[in-house]
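# Architecture and fold: a report
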Amino acid sequence: MQKCDLESLVSDIRAVFDTQDFIPLHAPVFSGNEKKYVLDTIDSTFVSSVGDYVTRFESDFAAYVGSRYAVATMNGTSALHIALVLAGVDADSEVITQSLTFVATCNAIRYCSAYPTFIDVSKDNLGLCPEKLKTFLESSTKQTTDGLINTQTGRVIKACLPMHTFGHPAQIDAICAICADYGIPVIEDAAEALGSRYNDKHCGSVSTMGVFSFNGNKILTTGGGGMLVTDNEALAKKAKHISTTAKVPHAWNYDHDQVAFNYRMPNLNAALGCAQLEQLPVFIEKKRQLASRYKELFETKELSFLSEPAQARSNYWLNALLFKTQDERDIFLTMSNEQKVMTRPVWTLMHKLPMFKSCYRADVSVSEDIETRLVNIPSSVIL
Ligand SMILES: *Cc1c(COP(=O)(O)O)cnc(C)c1O
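Notes on the structure in this doc start here. (Residues numbered from 1 in each chain as written. Predicted model: local features only at pLDDT ≥ 70, side-chain atom pairs only at ≥ 80, totals over all residues. Heavy atoms only, no water.)

Under the counting rule described, the total for this entry stands at 13 aromatic pairs. Centre to centre, the rings of Phe 57 and Phe 61 are 6.0 Å apart; their planes meet at 70°, and the pair counts as edge-to-face. Taken as a pair, Phe 57 and Phe 61 lie in helix α3 (residues 52-65) at a separation of four residues, close to a single helical turn. When its relative accessible area of 0% is taken as the criterion, Phe 61 is described as buried. Centroid distance Phe 261 to Tyr 263: 4.7 Å. Interplanar angle 5°. Geometry classified as stacked. Taking the relative accessible area as the measure of exposure, Tyr 263 reaches 14% and is therefore buried. Among the aromatic residues, those joined into a ring-pair cluster are Phe 57, Phe 61, Phe 212 and Phe 214. Arg 110 extends its terminal NZ or CZ atom over the ring of Tyr 115, reaching a point 4.5 Å from the ring centre. Against the face of Tyr 254 rests Lys 247, its NZ or CZ located 4.8 Å from the ring centre. (Phe/Tyr/Trp six-rings, centres within 6.5 Å; stacked < 30°, edge-to-face > 60°. Helix = DSSP H or I, 4+ residues; strand = E, 2+ residues; numbered from the N terminus. Buried < 20%, exposed > 50% of the residue type's maximum accessible area, 1.4 Å probe, protein only. Lys NZ or Arg CZ within 6 Å of the ring centre and 35° of its normal.)

Encoded structure:
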C-alpha cells in the first residue's frame, strides 16, 4: 500500500466513529443501571465480598453462557489460576497453550509453578490449532504411570488452555475431542469471548471449565473482575471455597481447612456487572454492526480483516486488520496513533518474553507471521 492509501485508511476509520477527538481502542459504555446498582451497594454498606449482587451476577451470568455454575472472582487472571489448580496443575508440570495470547494466560500457569508448552494457532481464528495440537501429542508425548509425558522435556502434561482470540471462537470441539483421547482436561480462556458462540454453544461453556474477564477494556466490565464457569458441581464448590480463603461456612467461627486465596469478587464490582450484563445483547449487536462496516470498508481496499470463522458467531471484541507486510503495518501504527486513532500490534509472542523463552514450543510459524502483520483497530460500542 502507498503511504497516501494508509493515510486515507486512518481517515476512513475516523469517519466510522464520526468524531475529531481521540478514538480509544476500547472504551466502556455505562448507559444502563450501573449508577443505580453501585449506589445500592453503598447504601446497603455491603460493598465487599458478601452481597446480593455477587450471587445475582453469578446466576445471571451462568444462565447467559449456558453453564450450570459460575463463580465470580476479582479478575480473569485469578479465575484462570483457580481453574488450573482445580485441574490438578502442579509444580513442574506443563500446560499446553498458545504463544499468541495475552500474558495473563501464561502467568496463571506459572503461579502453579508449571510451564506453558506452546502450540501454534490456526490462521483463520487465531485460536489453538487442533491439527498442530494432534501432531504434537502424536509425535512428542507418551503415556506413563505418572501421566502423559512431554518426551522433549520429561514433564507431565496436566491441562490444555486454548484461548478464543479477540472474541473469535477457536475450534473448541475438535480441541476437546483430541485432549479427551489423551486424558487431558481442557480449560477455555474465554476472557475475550463473552457473547461468542461456536456450533451454537457459548465459548467457555464447552470444556471442563471456562474463564472470563471483566477488565476495563473487555466487552463487559466490572472495573476489574473475572468468572469461572463449569457444569461440574464439585468443581464449582471447590472454586468458591478456594477463592474465599477456604473458610468453613459457620455463623461466627473463623475456621479454614486449607491454604487458599482471597480472590472473591466484591459486591461493588458485581453491581456494575449486573447492570452491564443487562445491556450485553445490545453491545454485541452494535459490535457486530461495527465489524460489518469495517468489513465493507476493507474489502474495497483489498485489506484482510479478521472475520468470524465458520460455524461461529463472534462478539468482535477487538477488530483486527492484517497487512501484507510488516513495513506497511508499522507505518500504519505510527500514522494512526499520531492522528489520535488508537491502534496497536498484537501482543509480543509469549515464547519471546524473558519469563517464557525457555519453555518448550512446537512449530509456531503462523503465530510468528501474524505477529508481524496484525493491528487491532478501534472497537468500542457505538450507541
Ligand atoms: C483480559 C484477559 C485475561 C484476564 O485478564 P484480567 O485483567 O486478569 O481480568 C486473560 N486472558 C486473556 C486472553 C485476556 O485477554
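Our focus in this paragraph is the pattern of salt bridges. In the structure shown here, the tally under the stated rule is 17 salt bridges. A salt bridge links Glu 278 to Arg 56, with the shortest nitrogen-to-oxygen separation between them at 3.1 Å. With Glu 278 in helix α9 (residues 267-300) and Arg 56 in helix α3, the pair connects residues that are 222 residues apart, well separated along the chain. Through salt bridges with shared partners, a single ionic network connects Arg 56, Asp 60 and Glu 278. (Salt bridge = Lys/Arg side-chain N within 4 Å of Asp/Glu carboxyl O.)

Taken together, the neighbourhood of the ligand is formed by 16 residues, with Gly 76, Thr 77, Glu 192, Ser 213 and Lys 218 sitting nearest. Between an oxygen atom of the ligand and a side-chain N or O atom of Lys 218, the distance comes to 3.2 Å. Surface burial for the ligand is 93%, taken as the share of its 390 Å² of free accessible area covered by protein chains. Broken down by secondary-structure element, the contributors of at least two residues to the shell around the ligand are α4 (76-86) and α5 (103-111). Per element, the largest residue contribution to the shell around the ligand is three residues, and it comes from α4. Its residues placed into classes, the shell around the ligand shows five nonpolar, eight polar and three charged. (Near = heavy atom within 4 Å. Polar contact = N/O pair within 3.5 Å; in protein donor to acceptor, adjacent residues only side chain to side chain. Areas by Shrake-Rupley, 256 points an atom, 1.4 Å probe, with all protein chains shown as cover. Nonpolar A, V, L, I, M, F, W, Y, C, P; charged D, E, K, R; others polar.)

Our next topic: the sheet that holds strand β7 (residues 187-189). Across a sheet, strands are paired by hydrogen bonds formed along the backbone, either parallel or antiparallel in direction. Read across the sheet, four strands follow the order β1-β11-β10-β7 without closing on themselves; strand pairing throughout is mixed. In this open sheet, the two strands that pair with only one neighbour each are β1 (69-73) and β7. Strand-to-strand twist in this sheet, taken as the mean axis angle between neighbours without regard to direction, amounts to 20°. Bridging between β7 and strand β10 (residues 209-213) involves three bridges; their strand directions are parallel. Paired with Asp 189 across the strands is Val 211, a residue of β10. Taken strand by strand, α3 contacts β1, β10 and β11 (226-230), and its axis lies near 130° from that of β1. (Pairing = 2+ DSSP bridges. Axes fitted to C-alpha atoms, helices over the stretch in contact; angles between N-to-C directions. Contact = heavy atoms within 4.5 Å.)

Moving on, we get to the pairing of β11. Of all five residues making up β11, five are buried, and the element is well covered by its neighbours. Because side chains alternate across β11, one face comprises the buried residues Gly 226, Leu 228 and Thr 230, and the other comprises Met 227 and Val 229, equally buried. Bridge count between β1 and β11: five bridges; the pairing is antiparallel. Across the sheet, the residue bridging to Val 71 is Leu 228, located in β11. Two elements, β10 and β11, share five bridges in a ladder whose sense is antiparallel. The residue bridging Gly 210 from the neighbouring strand is Val 229, located in β11.

Next up on the list: α9. For an α-helix, the turn length of 3.6 residues means that residues three or four places apart are oriented alike. Helix length check: α9, at 34 residues, gives a terminal C-alpha distance of 48 Å against a target of 50 Å (1.5 Å per residue), a fit within 8%. A bend of about 50° at Gln 279 is the largest found in α9, and the proline Pro 281 appears one to four places after it. Phi for Glu 302, located one or two positions after α9, is positive at around 55°. (Expected span 1.5 Å × (residues − 1). Bend = angle between axes of the 7 residues up to and from the residue.)

Looking now at the pairing of β10. When you tally the buried positions in β10, you get five out of five residues, the bulk of the element. Neither face of β10 is exposed, since Met 209, Val 211 and Ser 213 on one face and Gly 210 and Phe 212 on the opposite face are all buried.

Spatial relationships are all this shows, so hold off on functional conclusions.
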